[in-house]
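Residue-level listing of the chains:
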Number of protein chains: 2
Amino acid sequence: MDEELGGISEEYYDIPPVKYEYLDHTADVQLHAWGDSLKEAFEQCGMAMFGYMTELEYVQIKDVHTIEASADDLMGLLYHFLDELLFLFSYEPFLICKKLVITEFNTQEFKIVCRCYGEEFVIGKHPQGTEVKAITYSAMQIIDDPKDNKYEVFVIIDI
Amino acid sequence: MDEELGGISEEYYDIPPVKYEYLDHTADVQLHAWGDSLKEAFEQCGMAMFGYMTELEYVQIKDVHTIEASADDLMGLLYHFLDELLFLFSYEPFLICKKLVITEFNTQEFKIVCRCYGEEFVIGKHPQGTEVKAITYSAMQIIDDPKDNKYEVFVIIDI
């Protein structure tokens, strides 16, 4: 099948014009986080998202912000919690978080208050990971099993 | 909502353990290619795929290989054509192609013979683009319209 290029005419080296383009790039990744409580699994899931955006060892704790999220059910709560974190990063103060501490975790009224520790994202200082475009409900799972002491969440994010 | 870290206790700087992982990364991109004939649209689609794997301006024409593809229908032909090209890259001779010239394009018996011009892919010399994992039939479109002189293909590849 193969053959060496020997003393070959110049037309072999002609380069064709470009008549193509790349459309509709889509991608996602599933975050899986766990903890000794559902609250910790949520915190870990948020940190997993930030860990995908950069390498967290380059991030220092210089600043703290408080976010709030509320919803009508537990999945909605996880969604809005992550969405608030994404907003914190995407707009002023452009905070990349190394640590999240949920100070109010209300699974009756579906409300979270969370303290977010980190610093402003600075290109050059912080390696650019993958841009997170959106949180999704797709195949979302929340395991809240006190009997087996199992607390886990699975969330797919668009990247 | 936000607040400066002032003279703050050391526990603020404690870093939580990692209790998360990343699962099931999936991604795809759609190639769209066209030409003055369906044959040229196929050639361009193959070059589009190689253009996604590296930057083709760094690739020289040093070698030529011939591939063959056959199928039961036109979509199958496009699929197997791209799959043969992917094979050419993934295994010996690890050829990255800058130019493709289809020398036999039989849309009755669904057979292609193609000459593939390029060189062995060498990390360091050639920028690493995105790994192409597989060709797919998903949403594949082949426009073969001599009346309007429109020849286009759309192929989604897994990356």
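Check the entry above for the structure.
About the cut-offs
Residues numbered from 1 in each chain as written. Chains lettered and ligands numbered in written order. Predicted model: local features only at pLDDT ≥ 70, side-chain atom pairs only at ≥ 80, totals over all residues. Heavy atoms only, no water. Helix = DSSP H or I, 4+ residues; strand = E, 2+ residues; numbered from the N terminus. Expected span 1.5 Å × (residues − 1). Buried < 20%, exposed > 50% of the residue type's maximum accessible area, 1.4 Å probe, protein only. Least-squares fit on C-alpha atoms with pLDDT ≥ 70 in both. Contact = heavy atoms within 4.5 Å. Axes fitted to C-alpha atoms, helices over the stretch in contact; angles between N-to-C directions. Left-handed = near helix turned anticlockwise from the far one by under 90°. Nonpolar A, V, L, I, M, F, W, Y, C, P; charged D, E, K, R; others polar. Phe/Tyr/Trp six-rings, centres within 6.5 Å; stacked < 30°, edge-to-face > 60°. Lys NZ or Arg CZ within 6 Å of the ring centre and 35° of its normal. Polar contact = N/O pair within 3.5 Å; in protein donor to acceptor, adjacent residues only side chain to side chain. Buried area = accessible area lost by both parts, 1.4 Å probe. Salt bridge = Lys/Arg side-chain N within 4 Å of Asp/Glu carboxyl O.

1. Some words on helix α1 (residues 38-53) of chain B
No. 1: Along its 16 residues, α1(B) runs 23 Å from first to last C-alpha, staying within 8% of the 22 Å computed at 1.5 Å per residue.
No. 2: α1(B) sits mainly inside the fold: 15 of its 16 residues count as buried.

2. Looking at the relation of the copies chain A and chain B
No. 1: Between chain A and chain B, the superposition needs a rotation of 180° and an axial shift of 0.0 Å, giving an RMSD of 0.1 Å. The symmetry that links the two subunits is that of a two-fold axis. Every residue of chain A has its C-alpha some distance from the rotation axis, and the shortest such distance is that of Ala27(A), at 1.9 Å.

3. Here's the deal with the environment of Phe94(B)
All names here are of chain B.
No. 1: With respect to the element layout, Phe 94 can be found in the loop between α2 (74-90) and β4 (95-106).
No. 2: Once the C-alpha coordinates of Phe 94 and Pro 146 are considered, the two residues, 52 residues apart in sequence, prove to be 36 Å apart.
No. 3: Those residues within four positions of Phe 94 in sequence are excluded, and the remaining contacts are Leu 88, Phe 89, Glu 119, Glu 120 and Phe 121.

4. So, the packing of α1(B) against α2(B)
Residues and elements named next belong to chain B.
No. 1: Contact geometry of α1 with α2 gives a least axis separation of 11 Å together with a crossing angle of 35°. Considering the relative orientation of α1 and α2, their crossing is right-handed. Touching Leu 38, Phe 42, Glu 43, Cys 45, Gly 46, Met 49, Phe 50 and Met 53 of α1 are Leu 74, Leu 77, Leu 78, Phe 81, Leu 82, Leu 85, Leu 86 and Phe 89, all from α2.
No. 2: Looking at the contact of α1 with α2, its residues break down into 14 nonpolar, 1 polar and 1 charged.

5. Digging into the packing of aromatic side chains
No. 1: The full count for this structure, using the stated rule, is 14 aromatic pairs over all chains.
No. 2: With centroids separated by 4.8 Å and ring planes inclined at 55°, the aromatic side chains of Tyr52(A) and Tyr22(B) adopt a geometry described as tilted. Here Tyr52(A), found in helix α1 (residues 38-53), pairs with Tyr22(B), found in strand β2 (residues 20-35), and the two come from separate chains.
No. 3: A relative accessible area of 33% places Tyr22(B) in the partly exposed class.
No. 4: These aromatic residues form a ring-pair network of at least three members: Tyr20(A), Tyr22(A) and Tyr52(B).
No. 5: Between Lys99(A) and the ring centre of Tyr117(A), over which it is positioned, the NZ or CZ distance is 4.9 Å.

6. Structural notes on the side chain of His65(A)
No. 1: Tracing the chain through its elements places His65(A) in strand β3 (residues 63-70).
No. 2: One polar contact links His65(A) to Asp63(A), side chain to side chain, over a distance of 3.2 Å.

7. Comments concerning the interface of chain A and chain B
No. 1: Opposite the 52 residues of chain A that make contact, chain B presents 52 residues.
No. 2: Between chain A and chain B, the buried area comes to about 4600 Å², and carbon and sulfur atoms account for 53% of it.
No. 3: Connecting chain A to chain B are 4 salt bridges.
No. 4: With its nearest N and O atoms 2.8 Å apart, the salt bridge here joins Lys19(B) to Glu40(A).
No. 5: In this structure, the connection of chain A to chain B is made through 20 residue pairs in polar contact (both at pLDDT 80 or more).
No. 6: Among the secondary structure elements, those contributing two or more residues to the side of chain A that touches chain B are β1 (2-4), β2 (20-35), α1, β3, β4 (95-106) and β5 (111-120) of chain A.
No. 7: Taken together, the residues of the side of chain A that touches chain B sort by class into 26 nonpolar, 9 polar and 17 charged.

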